[in-house]
Amino acid sequence: MIKAILIFNNHGKPRLSKFYEHYNEDTEQQIIRETFHLVSKRDENVCNFLEGGMLIGGSDYKLIYRHYATLYFVFCVDSSESELGILDLIQVFVETLDKCFENVCELDLIFHVDKVHNILAEMVMGGMVLETNMNEIITQVDAQNKMEKAETFIFQSTRQDR
């Protein structure tokens with residue numbers, strides 16, 4: 001099961017954090033800092049799997065990450081998850097973001113956080129992987145965007161009629 005999904009930049013600033021277990025806010029911030037320190041100090045040419053930090057569960061959990069340009073994508077998982085499967089999920093997530101935002105960058109994650117969370121919700125819910133097919137994910141996100149535009153149009157039309 002996936003315990004947490006974290007995205008942070010090269011300076012440790014969180015750009016997305018999704019926890020599938022309840023922690024208080026201070027603990028979540030400590031987990032983010034600890035995870036950043038564990039992942040950022042590793043060389044680029046080493047394995048992308050490591051034991052979780054003490055706050056996230058220690059050796060019972062694994063941190064699986066990828067570093068793209070200025071962003072770290074980190075999934076904290078338990079022993080039931082496949083490391084290679086999670087690396088593939090990270091790749092699908094990044095490629096989906098890339099298609100939705102046309103060359104995704106850190107600013108897209110900052111200014112479109114709701115859309116990023118919607119994409120993530122199409123892929124993972126409650127710590128369980130739902131969908132790994134990028135085309136299916138994009139189809140669902142596009143359908144959601146069309147519904148939002150239709151709602152906005154209806155809302156604006158009713159305001160103008162008053």
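Okay, so let's go over this structure. Just so it is clear, the model here is predicted, and its values are computed rather than measured.

Examining the pattern of salt bridges
Inspection of every chain in the model, using the stated rule, returns three salt bridges. With a shortest N-O distance of 3.8 Å, Glu 21 and Lys 3 are connected by a salt bridge. Of this pair, Glu 21 sits in the loop between strand E2 (14–19) and helix H1 (25–40) while Lys 3 sits in strand E1 (residues 2–9), and the two are 18 residues apart along the sequence. By relative accessible area, which is 7% here, Lys 3 ends up buried. Among the ionic pairs, Glu 83 bridges to Lys 62, the shortest N-O distance being 3.2 Å. Remark: Lys 62 occurs in strand E4 (residues 61–68) and Glu 83 occurs in helix H2 (residues 83–101); sequence separation between them is 21 residues.

Quick word on the packing of aromatic side chains
One pass over the structure, following the stated rule, counts six aromatic pairs. When the centroid spacing of 6.3 Å and the interplanar angle of 85 degrees are considered together, the rings of Phe 36 and Tyr 72 count as edge-to-face. Of this pair, Phe 36 sits in helix H1 while Tyr 72 sits in strand E5 (residues 71–78), placing them 36 residues apart in sequence. Given a relative accessible area of 12%, Phe 36 falls into the buried group. When the centroid spacing of 5.7 Å and the interplanar angle of 80 degrees are considered together, the rings of Tyr 68 and Phe 73 count as edge-to-face. An aromatic cluster is built from Phe 8, Phe 36 and Tyr 72, whose rings are joined through pairwise contacts. Seen from the ring of Phe 101, Lys 115 lies directly overhead, with NZ or CZ sitting 5.2 Å from the centre.

Examining the packing of H2 against helix H4 (residues 113–123)
Across the interface, H2 lies against H4 with an axial gap of 11 Å and an inter-helix angle of 140 degrees. Relative to H4, the element H2 lies oblique. The two elements H2 and H4 meet at a crossing, and its hand is right-handed. The segment H2 lies against H4, with Leu 89, Val 92, Phe 93, Thr 96, Leu 97, Cys 100 and Phe 101 engaging Lys 115, Val 116, Ile 119, Leu 120 and Met 123. Taken together, the residues that form the contact of H2 with H4 break down as 10 nonpolar, one polar and one charged.

Reading the values: rules and limits
Residues numbered from 1 in each chain as written. Predicted model: local features only at pLDDT ≥ 70, side-chain atom pairs only at ≥ 80, totals over all residues. Heavy atoms only, no water. Salt bridge = Lys/Arg side-chain N within 4 Å of Asp/Glu carboxyl O. Helix = DSSP H or I, 4+ residues; strand = E, 2+ residues; numbered from the N terminus. Buried < 20%, exposed > 50% of the residue type's maximum accessible area, 1.4 Å probe, protein only. Phe/Tyr/Trp six-rings, centres within 6.5 Å; stacked < 30°, edge-to-face > 60°. Lys NZ or Arg CZ within 6 Å of the ring centre and 35° of its normal. Axes fitted to C-alpha atoms, helices over the stretch in contact; angles between N-to-C directions. Parallel < 35°, antiparallel > 145°, perpendicular 65-115°, else oblique. Left-handed = near helix turned anticlockwise from the far one by under 90°. Contact = heavy atoms within 4.5 Å. Nonpolar A, V, L, I, M, F, W, Y, C, P; charged D, E, K, R; others polar.

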